[in-house]
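Letter by letter, the chains look like this.
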Amino acid sequence: MNIYLDLFWTFFKIGLFTFGGGLAMLPMLEKEVVTNKHWATYDELVDYYAIGQCTPGIIAVNTATFVGYSQKKITGAIVATTGIVAPSLVIILLIASLLTSFADQPIVQHALAGIRIAVCVLIGQAVIRLYRKGVKDIFGMILFVIVLALTYFNLIPVSVAVIGAAAAGIIYCLIVLKKTGKDPAAKSAGEGLPARKKEVASASGNESDKGGQ
């Protein structure tokens, strides 16, 4: 399939079948972008989410833009963004035209209540995945608690929390690097390679071994 059609169709499906937006989209984004297409690693996807959180616009749309750009630069970004926005735009227009007439119906209220519960489950799954992947040591746990407290009680804006956490991570990395000479972020440097890149790297390594023999 043409890469542009592939980008559009992949993000169209994500936008069509994912309710709740934002973090609720992470499981399906992971399945399509990381597992099926190998367009990004899980760590890269989380990075896109983090950047999308502190930049203008919707997180899921920003993430689609980042992934599209990583594949085909500006054209890919436009195609991926259009794909994820298109179904939402059509569905919202339809719902907006019907909801005003049927919003007070008990069956509609119960349906919306069920959707809210499902969205909570999806967001909970995404948060657990992000925590397991991102919080790897004592520093991560301390930073997690601090940011959680500051944002939960609305003491600082979310964008400031993300930027502050990034600064704290850089400072921590520099301190550890200066004291031990080892980069704490280098441990997982090879874990994020997409499956296709891993296969290529493995094949190259095998060929080198054969050539050496």
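Just above, that's the structure.
From a predicted model like this one, the values you see are computed outputs, not experimental measurements. (Residues numbered from 1 in each chain as written. Predicted model: local features only at pLDDT ≥ 70, side-chain atom pairs only at ≥ 80, totals over all residues. Heavy atoms only, no water.)

Draft legend 1. Representation of helix α2 (residues 26-36). Among the residues of α2, those classed as buried are Leu26, Pro27, Leu29, Glu30, Glu32, Val33 and Val34. Where the residues of α2 are buried, they touch α1 (3-17), α3 (42-53), α4 (59-102) and α5 (106-134). Remark: His38 follows α2 within two positions and exhibits a positive phi of approximately 55°. (Buried < 20%, exposed > 50% of the residue type's maximum accessible area, 1.4 Å probe, protein only. Helix = DSSP H or I, 4+ residues; strand = E, 2+ residues; numbered from the N terminus. Contact = heavy atoms within 4.5 Å.)

Draft legend 2. Broad picture of a nonpolar patch on the surface. On the surface, a cluster of nonpolar side chains totalling about 1200 Å² of accessible area is made up of Tyr131, Ile138, Met141, Ile142, Phe144, Val145, Ile146, Leu148, Tyr152, Phe153 and Leu155. Broken down by element, the nonpolar patch gets its largest block of residues, eight residues, from helix α6 (residues 138-152). Note on placement: Phe153 falls in the loop between α6 and α7 (158-180). Looking at Phe153, the relative accessible area reads 56%, which means it is exposed. (Patch = residues over 30% accessible without salt bridge, like charges linked within 9 Å, V, L, I, M, F, W, Y side chains within 5 Å. Areas by Shrake-Rupley, 256 points an atom, 1.4 Å probe, with all protein chains shown as cover. Salt bridge = Lys/Arg side-chain N within 4 Å of Asp/Glu carboxyl O.)

Draft legend 3. Local environment of the packing of α6 against α7. Interhelical geometry of α6 versus α7 gives an angle of 160° and a closest axis separation of 11 Å. Our classification of the angle between α6 and α7 gives roughly antiparallel. Considering how the two elements wind past one another, α6 and α7 form a crossing that is right-handed. Every residue of α7 that contacts α6 at Phe139, Leu143, Val147 and Thr151 is listed here: Ala161, Ala165, Ala168, Gly169 and Tyr172. For the contact of α6 with α7, the class distribution of residues is seven nonpolar, two polar and no charged. (Axes fitted to C-alpha atoms, helices over the stretch in contact; angles between N-to-C directions. Parallel < 35°, antiparallel > 145°, perpendicular 65-115°, else oblique. Left-handed = near helix turned anticlockwise from the far one by under 90°. Nonpolar A, V, L, I, M, F, W, Y, C, P; charged D, E, K, R; others polar.)

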